[in-house]
Amino acid sequence: MKPEANTWTKTELQVYILLLCANADSHESEAEINLIKSKSTPDTFEKMYQEFSNDTEEQRFEKIDDTIQLHHYSNIELAQLRREMYEIFFSDCNFAMMERNLDKIMDNILY
């Protein structure tokens, strides 16, 4: 049974994706969380963090894929999202194998 369709805004989706990037190595650093918080309102961050925390990995990818298809992203918007993802990946000055794998998965979802 497919979960109810998300009605996230682009900003909510952005926060959710960035949380996924921060969690790629199974550890969300304070620097990563602060960077994500700086890109949204406290209410948006809390809402998305709660939902993210309650989802399985499979649910996370499905929700991102479903929501990406609902919004009409321009190439510029996708490029900006990718830059923000890399900010999170490199915030600890290390692009670990799990982060590289997530990067490939997200590349397939976004494009």
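None of the values given here were measured: they were computed from a predicted structure.

Visitor: Explain the nonpolar core to me, please; I cannot follow it from the model alone.
Guide: The nonpolar side chains of a soluble globular protein tend to be buried with one another. Core analysis: the biggest nonpolar cluster contains 30 residues, and Ile17, Ile64, Met85 and Met106 have the highest contact counts within it. Secondary-structure elements contributing two or more residues to this core are α1 (10-22), α2 (30-37), α3 (42-54), α4 (57-70), α5 (75-89) and α6 (97-110). Residue contributions to this core peak at 9 residues, all from α1. Beyond its immediate chain neighbours, meaning those up to four positions away, Met85 contacts Ile17, Leu18, Cys21, Met106 and Leu110.

Visitor: For this particular structure, what's the right way to read the side chain of Glu99?
Guide: Turning to its location among the elements, Glu99 is positioned in helix α6. Arg100 is the oppositely charged side chain nearest to the buried, salt-bridge-free Glu99, at an N-O distance of 7.0 Å. Apart from the residues lying within four places of it in its own chain, the contact partners of Glu99 are Ala24, Asp25, Glu32, Phe89, Asp92 and Asn94.

Visitor: Please explain the pattern of salt bridges as it appears in this structure.
Guide: Close approach of charged atoms lets side chains of opposite charge pair. If you walk through the whole model with that rule in mind, you get 7 salt bridges. Lys47 is the salt-bridge partner of Glu12, the closest N and O atoms lying 2.8 Å from each other. Taken together, the positions of Glu12 in helix α1 and Lys47 in helix α3 put the pair 35 residues apart, joining distant regions of the chain. Classification of Lys47 by relative accessible area gives partly exposed; the value is 42%. When the shortest N-O distance is used, the salt bridge between Lys63 and Glu51 registers 2.7 Å. Of this pair, Lys63 sits in helix α4 while Glu51 sits in helix α3, and the two are 12 residues apart along the sequence. Under the relative-accessibility criterion, Lys63 is labelled buried at 13%. Through salt bridges that share partners, Glu51, Asp55 and Lys63 make up one connected network.

Visitor: Hey, could you run me through the environment of Arg82 in this one?
Guide: Tracing the chain through its elements places Arg82 in helix α5. For Arg82, a relative accessible area of 9% corresponds to the buried category. Through-space distance from the C-alpha of Arg82 to that of Leu110 is 9.2 Å; in sequence the pair is 28 residues apart.

Visitor: Any chance you could explain α6 here in plain terms?
Guide: Residues spaced three or four apart along an α-helix face the same direction, because each turn holds 3.6 residues. For α6, with 14 residues, the first-to-last C-alpha span of 20 Å sits near the 20 Å given by 1.5 Å per residue. Glu99, Leu102, Asp103, Met106, Ile109 and Leu110 are the residues of α6 that are buried. Viewed end-on, α6 has its buried residues packed into an arc of 125°, placing them on one side of the element. Turned more than 90 degrees away from the buried face of α6 sit Met97, Lys104 and Asn108, all of them exposed. Buried residues belonging to α6 abut α1, α2, α4 and α5.

About the thresholds
Residues numbered from 1 in each chain as written. Predicted model: local features only at pLDDT ≥ 70, side-chain atom pairs only at ≥ 80, totals over all residues. Heavy atoms only, no water. Core = buried A, V, L, I, M, F, W, Y, C linked by side-chain atoms within 4.5 Å. Buried < 20%, exposed > 50% of the residue type's maximum accessible area, 1.4 Å probe, protein only. Helix = DSSP H or I, 4+ residues; strand = E, 2+ residues; numbered from the N terminus. Contact = heavy atoms within 4.5 Å. Lys, Arg positive; Asp, Glu negative; His and termini not counted. Salt bridge = Lys/Arg side-chain N within 4 Å of Asp/Glu carboxyl O. Expected span 1.5 Å × (residues − 1). Arc of directions from axis to C-beta.

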